[in-house]
Amino acid sequence: KRRGGGRKAGPEPETESEDDYDGEETEEEGEDEDPDPDDDLADVEALGDIMKGQQSGQGKERKEMVTPKQAAALKKEGYKLIGTHSAVKLCRWTKHQLRGRGGCYKHTFYGITSYQCMEATPSLACANKCVFCWRHHKNPVGRTWRWKEDDPVFIVEEAVQKHVQMIKATKGIPGVQADRWREAHTVAHCALSLVGEPIMYPRINELLTELHSRNISTFLVTNGQHPEAIEALVPVTQLYVSVDAPNPKQLEAVDRPLFKDAWDRLRRSLTLLRDRGQRTVARLTIVKGWNSTDIDGYADLVSLGRVSIVELKGVTYCGTSEASNLNMSNSPWHHEVVAFAVKLMGRLNALRGRGGDSAPPEYGLACEHKHSCSVLLARVDQFRETDADGKHVWNTWIDYPRYNQLSRRHTEGGEAFSVLDYRARTPGWAISGAEEEGFDPTDRRHRRKGKAPRYTKFDEGGVPTHDSEGKPIGEEGFDP
């Protein structure tokens, strides 16, 4: 596969009909595309080019990251490519919330406005080939940066411009609300999680600073294979490290990393999160039959980072491809993700009870977003308070104007700030156990005609008890 070298320190917009499916899916759901048998060939060809370059010295001009074949595959899936290594794509949840059909899990957990969120990446390349990758590995791979390097201000300007162009193209979609459509022309959030590994981009700090200067919050997701970049990273609104497996063997099977020391890199990346003052997240993608058993291993990894938040999400099945043999049986039910979260919380709090320097903080079950099979554990010391009535309340939402102010002060004068300085109250409908199940009641859930829920009632553990007609499910159980 395509390898890399040294690093510095430090199609047209999609349209939807009124009957487009609005099932249980995340904002990271890919489009079902036929696999391209030439993708691997493109990687081999790229490797040959790199080897020739190494043999001929360092004086030659760096190549562009994306081959023509890869660019064509990405454009076919709706990516808007920027320069030589970046991209932006309109998120499905952006279109859903524009139509009043609900926001993404980040809206439920952290209060973002989904229709004002831009999903982008400054690096289409990645150092992993994860089995659950929702882009079927149409992007390049590499361990370190060895390509041309575009200016960060140019990347941000182009990303915002292309995103707004895609927003304008949604005006004719049935159900789009005029006020939301107008507001969506102002980008307020950036999810740096589109595809690839954004932290590989050598000028990631300049790009983050440019986003913050435009009052755009940043949600940066890294796979934990570049600890030196995490150590040098400027403050981010919320920094994620993907924890895709609880032990070395499963990490090799699930992430298929290019680095031989991938496990050590992940552990070091998590350890570095301890010293960051802003919000940090360990993000677990649960794949039944692959990484869903070793809860003790996950607890140990979360303890390394003493992270602010633990996100648990059931893997989304994104169709068949030659890059992965996952199927629907690998996608857990929401109640299974909740049960996993509760067990993990118990393990973490048991480790805390033992004391010592490695003991994790106390975590609580804070939020859930059933629509995307996602659950949130949050640190009690950072996000939970007791109100005047003696009830526990959560503060997992973010005060974005306050964060923008704090970020500006840090950039201009180096003023430090912490998690506690920009948190905000979480609404009741977002709290785990609420009858809304994380769906914002100001919106309305939409299902395509004939696509009613398979089950209508559930027990305390979330297990279905009544079918779509309200009849009790017999002893034979439910059909998963």
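Details of the structure are given in the entry above.
Quick summary incoming for the structure in this document. (Residues numbered from 1 in each chain as written. Predicted model: local features only at pLDDT ≥ 70, side-chain atom pairs only at ≥ 80, totals over all residues. Heavy atoms only, no water.)

### Quick look at the packing of aromatic side chains
Under the criterion given, the structure shown has ten aromatic pairs. Their ring planes at 65° and their centres at 6.0 Å tell us that Phe417 and Tyr422 sit as a pair that is edge-to-face. We note that Phe417, like Tyr422, is buried. Taken together, Tyr105, Phe109, Tyr110 and Phe219 form an aromatic cluster joined through their ring pairs. Stacked on the ring of Phe259, the Lys or Arg Arg265 has its end atom at 3.8 Å from the ring centre. (Phe/Tyr/Trp six-rings, centres within 6.5 Å; stacked < 30°, edge-to-face > 60°. Buried < 20%, exposed > 50% of the residue type's maximum accessible area, 1.4 Å probe, protein only. Lys NZ or Arg CZ within 6 Å of the ring centre and 35° of its normal.)

### Structural notes on the sheet that holds strand β9 (residues 363–369)
Think of a sheet as strands paired side by side through backbone hydrogen bonds, with each pair either parallel or antiparallel. Judged by pairing direction, the sheet is mixed, and its ten strands sit side by side in the order β1-β2-β3-β4-β5-β6-β7-β8-β10-β9 without closing on themselves. Each of the sheet's edge strands pairs with one partner strand only, and the pair in question is β1 (80–82) and β9. For this sheet, the mean inter-axis angle between neighbouring strands, taken without regard to orientation, is 25°. In this sheet, strand β3 (residues 117–121) lies alongside strand β2 (residues 86–89) in antiparallel orientation, the contact comprising three bridges. Bridging across to β3, Ala87 finds its partner in Thr121. (Pairing = 2+ DSSP bridges. Helix = DSSP H or I, 4+ residues; strand = E, 2+ residues; numbered from the N terminus. Axes fitted to C-alpha atoms, helices over the stretch in contact; angles between N-to-C directions.)

### Section: unusual backbone geometry
Here the phi dihedral of Arg306 falls at roughly 45°; this positive angle occurs in a residue that is not glycine. Along the chain, the position of Arg306 falls in the loop between α11 (295–305) and β8 (309–314). For Arg306, a relative accessible area of 27% translates into the label partly exposed.

### Some points on the packing of α11 against helix α12 (residues 334–354)
It is at 9 Å that the axes of α11 and α12 come closest, and there the two elements cross at 60°. Taken as axis vectors, α11 and α12 run oblique relative to one another. For the pair α11 and α12, the crossing hand works out as right-handed. The residues of α12 that touch α11, namely those facing Ile295, Asp296, Tyr298, Ala299, Asp300, Val302 and Ser303, are Phe340, Lys343, Leu344, Arg347, Leu348 and Leu351. (Parallel < 35°, antiparallel > 145°, perpendicular 65-115°, else oblique. Left-handed = near helix turned anticlockwise from the far one by under 90°. Contact = heavy atoms within 4.5 Å.)

### Here's the deal with the nonpolar core
In terms of nonpolar packing, the biggest core is built from 82 residues, with Met118, Leu284, Val310, Leu312 and Leu344 touching the most fellow members. Tallying contributions element by element places α12 first for this core, with eight residues. Excluding its chain neighbours within four sequence positions, the residues that come into contact with Leu312 are Leu284, Val337, Phe340, Ala341, Leu344, Cys373, Ser374, Val375 and Leu377. Grouped together as the second largest cluster of nonpolar side chains are 28 residues, Ile112, Val221, Tyr403 and Phe417 included. (Core = buried A, V, L, I, M, F, W, Y, C linked by side-chain atoms within 4.5 Å.)

### Points about the packing of helix α10 (residues 262–272) against α11
α11 packs onto α10 with a crossing angle of 45° between their chain directions and a minimal axis gap of 6 Å. Of the possible angle classes, the one that applies to α10 and α11 is oblique. For the pair α10 and α11, the contacting residues are Trp263, Leu266, Arg267, Leu270 and Thr271 in the first and Leu301, Leu304 and Gly305 in the second. By residue class, the composition of the contact of α10 with α11 is five nonpolar, two polar and one charged. (Nonpolar A, V, L, I, M, F, W, Y, C, P; charged D, E, K, R; others polar.)

### A few points about helix α14 (residues 400–413)
Owing to its 3.6 residues per turn, the α-helix aligns residues three or four sequence positions apart on the same side. Taking 1.5 Å of rise per residue, the 14 residues of α14 would be expected to cover 20 Å, and the 20 Å separating its terminal C-alpha atoms lies within 8% of that figure. Buried residues of α14: Tyr400, Tyr403, Asn404, Leu406 and Ser407, and no others. Across the axial projection of α14, the buried residues extend over an arc of 165°, all falling on one side. When the buried face of α14 is taken as reference, the exposed residues oriented beyond 90 degrees from it are Pro401, Glu412 and Gly413. Next to the buried residues of α14 lie α4 (105–110), β4 (189–192), α7 (204–213), β5 (217–222) and β13 (397–398). You can read the cap of α14 off the contacts: a side-chain oxygen lies 3.1 Å from the backbone nitrogen of Arg402, and it is on Asp399. (Expected span 1.5 Å × (residues − 1). Arc of directions from axis to C-beta. Polar contact = N/O pair within 3.5 Å; in protein donor to acceptor, adjacent residues only side chain to side chain.)

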